[in-house]
Amino acid sequence: MDVIQCANCPTRQLSAFKHLPPEEVEILCKNKRFNTMEKGEEILREGHHPKGVYCVQNGHFKLISHAANGKETIVRFASPGELIGYRALLAGEPLSVSAVALQEASACFVPGEVLLGFLQHNGPFSMEILRETCHELSETNRILSSMAQKNVRERFAEILLMLRAKFGEDAEGCVNIDLKRSELADLVGTATESLIRLTSQFEKEGLLARHGKRFKVLDASKLTRIAEIYD
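By the secondary structure assignment, S79 is in the loop between β5 (72-78) and β6 (83-84). By relative accessible area, S79 is classed as buried at 8%. Leave out the neighbours within four places in its chain, and S79 touches V56, G59, H60 and K166.

Now the structure itself:
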């Protein structure tokens with residue numbers, strides 16, 4: 001596979017690296033390492049201290065945390081242009097999540113000293129990283145609020161719409177992500193058995209259709225009303 005140079009990388013325009021001037025783009029290109037991953041491959045492990053960050057190029061990653069009993073919980077997803085591991089790097093703390101490829105994917109590893117150098121000398125780059133951090137914290141607060149204030153039916157509708165917005169749809173109109181029922185139940189914050197019953201209810205109401213591990217949103221307007229999402 002031919003590795004795209006940073007100066008011509010379309011994904012760079014989706015990330016904070018778009019704020020780098022030519023001389024810093026050259027530094028980035030000399031020091032980054034392009035990696036390809038198979039489905040299920042782990043690139044960062046919870047509890048380890050990161051030596052740098054990953055910028056997602058293609059595919060998607062799930063960021064998961066592990067309970068004491070080994071149970072996995074999906075915290076969020078990372079898509080092309082997003083950075084993984086930067087908050088732990090900046091804080092000098094171990095990673096609070098592991099990053100696992102949802103399908104064949106690729107990401108560029110950027111050493112920590114390179115990223116920190118950009119932060120020290122490039123104001124627009126630093127501001128973009130700060131915005132990304134604030135956005136992630138805002139999303140976390142929104143999710144916690146939703147879990148506390150909404151019932152399971154409302155949360156399920158919200159998660160379905162969130163996944164469609166995040167991953168888009170395939171040629172058949174299905175949301176372009178494969179999730180186990182247990183993973184979807186974790187996102188909703190309910191038991192797998194309850195999720196299965198709720199899925200059947202939504203199918204009977206014409207809100208969604210299941211296609212294997214994928215689903216198709218049939219009535220986004222009604223799901224929005226159920227989820228109580230307002231502009």
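Quick look at the pairing of strand β10 (residues 214-217) now. Across 4 bridges, strand β9 (residues 208-211) lies against β10 in antiparallel orientation. Paired with H211 across the two strands is R214, which belongs to β10. Where β9 folds back onto β10 in an antiparallel hairpin, the turn is made up of 2 residues, including G212, whose phi is positive at roughly 65°.

With that settled, the discussion passes to the sheet that holds strand β2 (residues 42-44). Within the open sheet, the 4 strands sit side by side as β2-β7-β4-β5. Their pairing is antiparallel. Either end of the sheet is taken by a strand with one partner, and the two such strands are β2 and β5. The average angle at which neighbouring strand axes cross in this sheet is 35°, direction not considered. When β2 meets strand β7 (residues 98-101), the two strands line up antiparallel, connected through 2 bridges. For L44, the partnering residue across the bridge sits in β7 and is A99.

About the criteria used
- Residue indices follow the written sequence of each chain, beginning from 1 at its first position.
- pLDDT decides what is reported in this predicted model: residues at 70 or higher carry local features, side-chain atom pairs at 80 or more are listed and counted, and totals for whole chains, interfaces and linings draw on all residues regardless.
- The basis for the side-chain values is all heavy atoms of the structure; hydrogens and waters are excluded.
- Helix and strand assignments come from DSSP, with helices taken as H or I runs of at least 4 residues and strands as E runs of at least 2, each series counted from the N terminus.
- Relative accessibility decides the category of a residue: with a 1.4 Å probe and only protein chains considered, values under 20% of the type maximum give buried, values over 50% give exposed, and everything between is partly exposed.
- The criterion used for residue contact is that any of the two residues' heavy atoms lie within 4.5 Å.
- Pairing between strands is defined by DSSP: at least two bridges between the two strands are required.
- Whenever a helix is involved, its axis is fitted only over the stretch in contact; in every case the axis is a line through C-alpha atoms, and angles between N-to-C directions fall within 0 to 180 degrees.

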